[in-house]
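One letter stands for each residue in the lines below.
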Amino acid sequence: QMARQGRAGVALGIAAIASFCAGTIATLLIAALGAPLSRLALLFGPAEYFSLMVLGLVFAVVLSRGSILKALAMILFGLLLSTIGTDLETGQERLTFGITDLSDGIDFAVLAMGLFGFAEILRNLESPEARDIVRGTLGRLLPSMADFKQSFAPIVRGIGLGSLLGILPGNGAVLGPFASYSVEKKLAKNPQRFGHGAIEGVAGPEAANNAGAQTAFIPLLTLGIPPNAVMALMVGAMTIHGIIPGPQVMTKNPTLFWGMVASMWIGNLMLLIINLPLVGLWVRLLKVPYRFMFPAILLFCCIGIYSINNKPTDVLFTAGFGFLGYILYKLEFEPAPLLLGFVLGKLMEEKLRQALILSRGSFATFLERPVSAGLLVVALIILVVAVLPTIRKEREQVFQE
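Values in this document were obtained by computation on a predicted structure and should not be read as measured data.

Concerning the pattern of salt bridges
Okay, so step 1: One pass over the structure, following the stated rule, counts seven salt bridges.
Okay, so step 2: Between R94 and D87 there is a salt bridge; the shortest N-O distance is 3.5 Å.
Okay, so step 3: A residue is classified by how much of its surface remains accessible, and D87, at 5% relative accessible area, is buried.
Okay, so step 4: R157 is paired through a salt bridge with E184; the nearest N and O atoms lie 2.8 Å apart. Placement of R157 in helix α5 (residues 145-167) and of E184 in helix α6 (residues 172-187) is noted, with a sequence separation of 27 residues between them.
Okay, so step 5: The partly exposed category is assigned to R157, whose relative accessible area is 33%.
Okay, so step 6: Relative accessible area serves as the criterion here: at 4%, E184 is assigned to the buried category.

Below, the structure is given as C-alpha cells:
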C-alpha cells in the first residue's frame, strides 16, 4: 500500500532501520541472558529436559495457525517420523519397512526441503503472477522526521514483543510480526489507516521479526533445545562441526558463543549497508518471471540434497515429502509443528529413557521432581485453556486477522 502511494523507498528504509535496531538490542539480550540461563540449565536433569520439551511442543500446538487438533496431529506425526531408523540401544530397525536407505533414519534436510521447498513451489504454481507493484517508483529511501516519530514507539514495542516471543519454545518468533501488527492496530488513534499504508504497520512488525529471530538462539545455546524450525537447522549445522548445543557451549566453546554474538551484530550492520544502497537491484530481481525461477530453485534444491549423503534416493524422498507438504497445505495442516516434533523427537526419546533408567522404570519421577512437575502442569494448563470454546474462538479470530 505504501508503494502504491509512491513511498516504497520509505517503507524499505524504515524496515531496514527497524531491523537493525531490533537486531542490535536482541544481540545484547543474548549476551546478557546467556550466562545466567546456562547456569540454570546445568540444574536440569533428563526428567526436566523431557518436561521442557513437552512444554515446547504444547506451545507449538497453541501458537500454530488453524485447528489445535490438526496441530497436535502434526506434532505426533513428526515424533513418529523421528523414530524411523535403527534403535541405538537395541540395534533393531524401526519403521523402515525393509528399505535399507531408511536404516539411518530420515535426514532432517530431506524433510525440511521437501515440506518447505518443493511443497512451496507446488503452492506457488497454483496462484497466478501478480507483480504490478514492481513497476511503480521507489521514491526516496530515508524516512522523514515525522516518519521517525510515528515509527519510534512501534519499533520499541516490536522489539519487546519479538524478543519475548522469540525466547518461547514452539515457534513463537514466527508470531512476533503478526502480534506487533495487531498491537499497533489496537493502539492506533485511527485503526482504519492500517492496511492502507500506515508506516507503523511496517516498522513494528519488522522490529519484532528481527528481535524474535535472534532471541530464538537463547533456548538453543543455553538449553540445547531448538524453539523453531530455523533453529533446528542450526542444530544440524552445529552437529556437523561436532558442537553439541546446550549449557556447556559457553564454558567449553566460549569463542563460538561470543563469536556468534559478534557475528550477529556484524550481520545486522551488513543488513543495513546491503539493504539501503542496493535496494534498486533487489527490486529488479523481482521482475524475473516465476517460470524461470522455479526450475532453478528445484535444481539447486536437488543438488543440495544430493550433496549431503550422495544418495539419489534422498532426492526421491524429498520429492515425496514435497508432495506430502502440498497435500497438508490443501488440507489446512501446518507443517512447522511436524518439523519441530521431528527435531525434538530423538532428543525427547533419549531424555525419556535416561529418566526412566535413573528412576528404575518409574514414571512418577516426572512428577516427583519439582521443576519437571511444574513444567508439565504449565503445559497442561496452556493446553486446557487453549481448547476452551471462548479462548479457541478468540485464537481463531487473532490468526484470521
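Here's the deal with the packing of aromatic side chains
Aromatic ring pairs: the centre-centre distance and the angle between the two ring planes describe each pair.
Okay, so step 1: Evaluation of the coordinates by the stated rule reveals three aromatic pairs.
Okay, so step 2: The side chain of K70 reaches across the aromatic face of F333, ending 5.2 Å from its centre.
Okay, so step 3: Seen from the ring of Y49, K351 lies directly overhead, with NZ or CZ sitting 5.0 Å from the centre.

Considerations on the confidence of the model for the protein
Okay, so step 1: Of the residues in the protein, 90% have a pLDDT of 70 or more, and the chain-wide mean is 80.
Okay, so step 2: By mean pLDDT, the top-scoring element of the protein is helix α14 (residues 312-330) (89), and the lowest-scoring one is helix α18 (residues 389-400) (65).

Quick look at the nonpolar core
Okay, so step 1: Residues Y49, I225 and L344 are the most contacted members of the largest nonpolar core, which totals 28 residues.
Okay, so step 2: Among the secondary structure elements, those contributing two or more residues to this core are α2 (46-62), α3 (68-82), α15 (335-358) and α17 (370-387).
Okay, so step 3: At twelve residues, α2 tops the list of elements feeding residues into this core.
Okay, so step 4: Apart from residues lying up to four places away in sequence, L344 is in contact with M53, L57, I225 and P226.
Okay, so step 5: Grouped together as the second largest cluster of nonpolar side chains are 19 residues, I84, L115, A232 and V343 included.

What about the environment of I30?
Okay, so step 1: Relative to the helices and strands, I30 resides in helix α1 (residues 8-41).
Okay, so step 2: The class of I30 is buried, set by a relative accessible area of 2%.
Okay, so step 3: Measuring from C-alpha to C-alpha, the distance between I30 and A47 comes to 26 Å, with 17 residues separating the pair along the chain.
Okay, so step 4: Those residues within four positions of I30 in sequence are excluded, and the remaining contacts are Q214, T215, F217, I218, F257, V261 and M264.

What counts and what doesn't
- Residues numbered from 1 in each chain as written.
- Predicted model: local features only at pLDDT ≥ 70, side-chain atom pairs only at ≥ 80, totals over all residues.
- Heavy atoms only, no water.
- Salt bridge = Lys/Arg side-chain N within 4 Å of Asp/Glu carboxyl O.
- Buried < 20%, exposed > 50% of the residue type's maximum accessible area, 1.4 Å probe, protein only.
- Helix = DSSP H or I, 4+ residues; strand = E, 2+ residues; numbered from the N terminus.
- Phe/Tyr/Trp six-rings, centres within 6.5 Å; stacked < 30°, edge-to-face > 60°.
- Lys NZ or Arg CZ within 6 Å of the ring centre and 35° of its normal.
- pLDDT = per-residue confidence, 0-100.
- Core = buried A, V, L, I, M, F, W, Y, C linked by side-chain atoms within 4.5 Å.
- Contact = heavy atoms within 4.5 Å.

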